Amino acid sequence: MKKLQYTTNDPSATTDYLAADNTWKTIPGGTPTSKSFMGVLQGATVSSLLTSYGCFNYQTLSPTEAGRIFVVPNACTVSKFYVRIFSSQSGLGSLVFTVRKNGVDTSIVVTIAAGSAANTEANSGASSATYSAGDDLGFKVVNNAAAVSANIHNTSIMVEI
């Protein structure tokens, strides 16, 4: 059974849920919040001084954003963007990942520093962005090094509905 978290400022609100014994229960005061995550094993690199685009439902990167967008099916908040690299990033420049909403950068950014070792993991900290049903979600990757980027192991992000 999926565990749900309930939050509200309205003490008169109620929320029904299906309990483990298959009976309906009511929790006074609450709106269900479901937390999940999306992730993908990338196994990709970005060419010298170029920008590529990715998404959480495609394994490869693309030189165009239109080829790597995910249409959000429900209003949600995304946060906690994580990136891990397989190989080291060139000492000539960083590798920067930015979550995008409808083709525009959000404040959710992960930077793999120039010279980072293989298996380095970085995250976006407390930044988040809200999406409405039908919005486009993806990310851009900018390789600021005059060399091929580190091999990107995986990317993942928290989704809260």
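Residues numbered from 1 in each chain as written. Predicted model: local features only at pLDDT ≥ 70, side-chain atom pairs only at ≥ 80, totals over all residues. Heavy atoms only, no water.

J.: Even after reading the chapter, I still don't get the side chain of Ser90, so can you show me in this structure?
T.: Here Ser90 shows up in the loop between β8 (76-85) and β9 (95-101). A polar contact of 3.0 Å, which involves the side chain of Ser90, links it to the backbone nitrogen of Leu92. Leaving out residues up to four positions away in the same chain, Ser90 has contacts with Ala114, Gly115, Ala145 and Ala147. (Helix = DSSP H or I, 4+ residues; strand = E, 2+ residues; numbered from the N terminus. Polar contact = N/O pair within 3.5 Å; in protein donor to acceptor, adjacent residues only side chain to side chain. Contact = heavy atoms within 4.5 Å.)

J.: Please explain the pattern of salt bridges as it appears in this structure.
T.: Any two side chains of opposite charge can pair, so long as their charged atoms come close to each other. This model, assessed by the stated rule, comprises five salt bridges. Residues Asp105 and Arg100 are paired through a salt bridge, measuring 2.5 Å at the closest nitrogen-oxygen approach. A relative accessible area of 9% places Arg100 in the buried class. Asp135 is the partner of Lys101 in a salt bridge, and the nearest nitrogen-oxygen pair spans 4.0 Å. In this pair, Lys101 is assigned in strand β9 and Asp135 in the loop between β12 (128-131) and β13 (136-143), connecting sequence segments 34 residues apart. Using a relative accessible area of 13% as the deciding quantity, one classes Asp135 as buried. Salt bridges sharing common partners tie together Glu65, Arg100, Asp105 and Lys140. (Salt bridge = Lys/Arg side-chain N within 4 Å of Asp/Glu carboxyl O. Buried < 20%, exposed > 50% of the residue type's maximum accessible area, 1.4 Å probe, protein only.)

J.: Sorry if this is basic, but what is going on with the side chain of Glu65 here?
T.: Along the chain, the position of Glu65 falls in the loop between β6 (51-54) and β7 (70-71). Looking at Glu65, its side chain comes within polar contact range of the side chain of Arg100, at 2.8 Å. The contact partners of Glu65, leaving out residues within four places of it in the chain, are Tyr53, Arg100 and Gly103.

J.: How should I be thinking about the nonpolar core in this particular structure?
T.: As a rule of thumb, soluble globular proteins bury nonpolar side chains together. Grouped together as the largest cluster of nonpolar side chains are 27 residues, with contacts concentrated most on Val78, Phe81 and Phe97. Contributions of two or more residues to this core are made by β5 (35-44), β8, β9, β10 (104-112), β12, β13 and β14 (152-160). If you tally residues by element for this core, the top one is β8, at five residues. Not counting chain neighbours up to four residues away, the residues in contact with Phe97 comprise Phe81, Val83, Ile108, Val109, Val110, Ile112, Phe139, Lys140, Val141, Ile152 and Thr155. (Core = buried A, V, L, I, M, F, W, Y, C linked by side-chain atoms within 4.5 Å.)

J.: Please explain the environment of Val110 as it appears in this structure.
T.: With respect to the secondary-structure elements, Val110 resides in strand β10. Look past the residues within four positions of Val110 in its chain and what remains in contact with it is Phe81, Val83, Leu95, Val96, Phe97, Ala122, Asn123 and Ser124.

J.: Help me out: how do you make sense of the packing of aromatic side chains in this one?
T.: Centre-to-centre distance and the angle between the planes together describe a pair of aromatic rings. On inspection of all chains with the given rule, the structure shows five aromatic pairs. Taking the centre distance of 5.2 Å and the plane angle of 55° together, the rings of Phe56 and Phe139 count as tilted. Linking Phe56 in the loop between β6 and β7 with Phe139 in strand β13, this pair joins segments that are 83 residues apart in sequence. Of the residues examined, Phe56 reaches a relative accessible area of 5% and is grouped as buried. One aromatic cluster is present, formed by Phe56, Phe81, Phe97 and Phe139 through successive ring pairs. Sitting above the plane of the Tyr58 ring, Arg68 keeps its charged end 4.4 Å from the centroid. Directly above the aromatic system of Tyr131 lies the positively charged group of Lys101, at a separation of 5.6 Å from the ring centroid. (Phe/Tyr/Trp six-rings, centres within 6.5 Å; stacked < 30°, edge-to-face > 60°. Lys NZ or Arg CZ within 6 Å of the ring centre and 35° of its normal.)

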